[in-house]
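# Geometric and topological summary
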Amino acid sequence: MKKIHVCLVSDQTIPNILSIHHSHPDEILFVSTTEMEQKQKTEHILAALKSVGCDYSSRSHSVIVPQDSIIGAHQTLEEWTKGRDTAEFVVNLTCGTKIMSMAAYEFFKDYGARMIYIPLPRNEFLSLYPERNAGMATPLKLRLRVCDYLAAYGLQVINVSGLRKASKDAAVRKDFSDWIVKNYTAVKNVLERLNGKLRKQRGNHDGYLLNTTYLPTSDHEREFFSKIGLTHKGNEFSKQLTMSEICFLTGGWLEEFCYNEIASITGTGIDDVAIGIRIRNSIRRDNEFDVMFTSGNALYTVECKSLDQNDDPKADALYKIAALQKEFGLKVESFFVSTSPHILRDGVLKPAIEARAAQFRTTVVPPEEVVRFGQCLKEKLSIR
């Protein structure tokens, strides 16, 4: 008997991906609308399924139903199911409009179909029909990686190969980025000096020959110079820096610190993490995120701001988080990790910034808490 999985298509794509991956049907029937087809939601689901090893490109069907007519939906489904009366149907009622869900339930009930529903954000589905299974919860094992999640929303990762290198570089420099965060106050002056000298070289693929006459004024600064690998020649320190090293010394150290903190708990509450991920939306608009990670089939972003951020005293970078979420269609939560003193007043987060962060579903990690970012993350996500 052929097993057919019926999905109601809407802006939410993840529930259908999870249920299809779980049931491994012979075929899929997408019940969609004109609006959802214009948004290419069905194609996005198929692309994400392929990325997790379930290629249904030749085993899927789509029907377009009116989103506000039960009778119209029944007529369309009646036409499609002719000759498929003996199939075993499983219907995911999670997505679509309420009328679409009612129409699918009433129609496929006559076929003895199994009706399921995924109560997001829980990674399980509930059996609604037949009644002998009503209320029974079944765990969903699939956990989406960052690229899988983005594919589900029609977003293309345009630097896949670069992600592997960025992750490797961050792992290699883990001890150094940890050291900078723990000794930030002691090396802040030299970081600011290097940032001013190297900022314009961030996109230089040929690297840059760093020359500086700055003399370390403390043991911490001397250790910092040693960790960079600066060579002392006469009155100058110098080193040929790679583009990766330039990015690290101009703020990448904070991004890599956050990345490594997240990576250290991957598999125990964190499913996947990427650093320096560049994505492109359907209108070919690109943008880059410092760090992204998935946990329990939800996507999170981390925006990092190092040094004092004197050019952004009001933390307008929070608006960037909101804009990216809206522009890229991502309903995500974010972390804003900042060493800037401007976000504080008398040692506490300024009310305006706190309100803005809450509006944008963003957890702010202020300067004194940066070193505890990993613990803050665990507390926020209830990870032990």
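In what follows, the structure referred to is the one given above.
Residues numbered from 1 in each chain as written. Predicted model: local features only at pLDDT ≥ 70, side-chain atom pairs only at ≥ 80, totals over all residues. Heavy atoms only, no water.

## Details of the overall build of the chain
Operational definition: Going along the chain from the N terminus, every DSSP run of H or I of four or more residues is numbered as a helix, and every run of E of two or more is numbered as a strand. Per-residue accessibility, obtained with a 1.4 Å probe over protein chains only, is compared with the maximum for each type, and a residue is labelled buried under 20%, exposed over 50%, and partly exposed between these values. In this description, contact between two residues means that some pair of their heavy atoms is separated by no more than 4.5 Å. Each accessible area is a Shrake-Rupley estimate made with a 1.4 Å probe; only the visible protein chains count as cover when residues are assessed. The charged-residue count follows a simple rule in which Lys and Arg add positive charge and Asp and Glu add negative charge, with His and chain termini not counted at all. Each charge is placed at NZ for Lys, CZ for Arg, CG for Asp and CD for Glu.
Of the regular secondary structure elements, the chain holds 14 helices and 18 strands. Projected onto the principal axes, the alpha-carbon positions of the chain cover approximately 85 × 45 × 35 Å. A burial count over the chain gives 51% of its 384 residues as buried. Relative to all contacts within the chain whose residues are 6 or more apart in sequence, the contacts with residues 24 or more apart total 68%. Accessible surface for the chain amounts to roughly 18500 Å². Of this, 48% is attributable to carbon and sulfur atoms. Taken together, the 49 basic and 47 acidic charged side chains of the chain have centroids lying 2 Å from each other.

## With respect to the pattern of salt bridges
Cut-off, in case you're wondering: Criterion for a salt bridge: a side-chain nitrogen of Lys or Arg within 4 Å of a carboxyl oxygen of Asp or Glu.
Evaluation of the coordinates by the stated rule reveals 20 salt bridges. In this structure, aspartate 219 and arginine 222 form a salt bridge, with 2.8 Å as the shortest nitrogen-oxygen distance. Here arginine 222 and aspartate 219 lie together in helix H10 (residues 219-228), a separation of 3 residues that amounts to about one turn. For aspartate 286, the salt bridge goes to arginine 280, with nearest N and O atoms at 2.7 Å. Residue class for aspartate 286 comes out partly exposed when judged on its relative accessible area of 31%. One salt-bridge network, in which partners are shared between bridges, spans Asp11, Glu35 and Lys39.

## Quick word on the packing of aromatic side chains
What counts here: Between rings of Phe, Tyr and Trp, where Trp is taken as its six-membered ring, a pair exists when centres lie within 6.5 Å; planes separated by under 30 degrees are stacked, by over 60 edge-to-face, and by other angles tilted. The rule is short: NZ of Lys or CZ of Arg within 6 Å of the ring centre and within 35 degrees of the ring normal puts a charge over the ring.
Using the criterion set out here, one finds 18 aromatic pairs in the structure. Each ring, one from phenylalanine 89 and one from tyrosine 111, has its centre 5.5 Å from the other, and the planes form 75°; the classification is edge-to-face. Of this pair, phenylalanine 89 sits in strand E4 (residues 88-92) while tyrosine 111 is found in the loop between helix H5 (98-109) and strand E5 (114-117), placing the two residues 22 residues apart along the sequence. You can call tyrosine 111 partly exposed: its relative accessible area is 23%. For the ring pair phenylalanine 108 and tyrosine 111, a centre distance of 6.1 Å and an interplane angle of 50° mean the geometry is tilted. In this structure an aromatic cluster arises from ring pairing among Phe89, Phe107, Phe108 and Tyr111. Cation over ring: arginine 59 sits above tyrosine 56, and NZ or CZ is 4.1 Å from the ring centre.

## Quick look at the environment of leucine 140
With respect to the element layout, leucine 140 can be found in the loop between strand E7 (137-139) and helix H6 (146-152). Separated by 22 residues in sequence, leucine 140 and isoleucine 118 have C-alpha atoms that sit 9.5 Å apart.

## Considerations on unusual backbone geometry
Between leucine 120 and proline 121 the backbone carries a cis peptide bond, its omega angle lying at 10°. Mapping proline 121 onto the fold places it in the loop between E5 and strand E6 (124-129). The amide bond that connects tyrosine 129 to the next residue, proline 130, takes the cis arrangement and shows omega of 5°. Counting through the fold element by element, proline 130 comes out in the loop between E6 and E7. Within the chain, glutamine 40 stands out as a residue other than glycine whose phi angle is a positive 60°. Along the polypeptide, glutamine 40 turns up in the loop between helix H2 (34-38) and helix H3 (41-51). The backbone of arginine 361 sits at a positive phi, close to 55°, despite the residue not being glycine.

## Here we look at the sheet that holds strand E9 (residues 208-212)
Selection criterion: Two strands are said to pair when DSSP picks up at least two bridges between them. Think of each axis as a best-fit line through the C-alpha atoms, taken over the contacting stretch in the case of a helix, with angles from 0 to 180 degrees between the N-to-C directions.
What the 3 strands build is an open sheet, ordered E9-E11-E10; its pairing is antiparallel. This sheet does not close on itself; its edge strands, each paired only once, are E9 and strand E10 (231-233). On average, each strand axis in the sheet is inclined to that of its neighbour by 30°, with strand direction left out of account. Pairing of E9 with strand E11 (residues 236-241), which is carried by 5 bridges, proceeds in the antiparallel orientation. Bridged to threonine 212 within E11 is phenylalanine 237. Seen against the sheet, helix H9 (residues 184-198) touches E9 and E11 and runs at an angle of roughly 135° to E9.

## Quick look at the nonpolar core
Short version of the rule: Definition used in this section: a nonpolar core is a set of buried Ala, Val, Leu, Ile, Met, Phe, Trp, Tyr and Cys residues joined via side-chain atoms within 4.5 Å.
With 46 residues, the main nonpolar core has Phe224, Ile262, Phe293, Val302 and Phe373 as its most contacted residues. For this core, the leading source of residues is helix H11 (residues 243-263), giving 9 residues. If sequence neighbours within four positions are ignored, phenylalanine 293 has contacts with Val146, Ile262, Ile270, Asp272, Val273, Ala298, Leu299, Tyr300, Val302, Phe335, Leu377 and Leu381. In this structure, Cys7, Ala151, Leu163 and Ile279 belong to the second largest nonpolar core, which totals 41 residues.

## Thoughts on the packing of helix H4 (residues 70-81) against H5
Our working rule: To sort the angles, those under 35 degrees are grouped as roughly parallel, those over 145 as roughly antiparallel, those from 65 to 115 as roughly perpendicular, and the leftovers as oblique. Here a crossing is taken to be left-handed if its near helix is turned anticlockwise relative to the far helix by less than a right angle, and right-handed if that turn runs clockwise. For this classification, the nonpolar set comprises Ala, Val, Leu, Ile, Met, Phe, Trp, Tyr, Cys and Pro, the charged set comprises Asp, Glu, Lys and Arg, and every other residue, Gly included, is treated as polar.
At a minimum axis distance of 9 Å, the contact between H4 and H5 shows a crossing angle of 45°. The orientation of H4 relative to H5 falls into the category oblique. Where H4 crosses over H5, the two elements pack in a sense that is right-handed. Residues Ile70, Ala73, His74, Leu77, Glu78 and Thr81 of H4 form the contact with H5, whose own contacting residues are Ile99, Met102, Ala103, Glu106, Phe107 and Phe108. Here the contact of H4 with H5 is built from residues that sort into 8 nonpolar, 2 polar and 2 charged.

## As for the sheet that holds E4
Spatially, 7 strands are ordered E3-E2-E1-E4-E5-E6-E7 in an open sheet, and the strand pairing comes out mixed. Edge positions in the open sheet fall to strand E3 (60-64) and E7, since each of these has one partner strand only. When the angles between neighbouring strand axes are averaged without regard to direction, this sheet yields 25°. Note: strand E1 (residues 3-8) against E4, 5 bridges, orientation parallel. Opposite valine 6, over in E4, you have valine 91 as the bridge partner. The strands that H3 touches are strand E2 (27-32) and E3; relative to E2, the one it contacts most, it runs at about 150°.

All quantities given are derived from atomic positions and should not be read as evidence of function.
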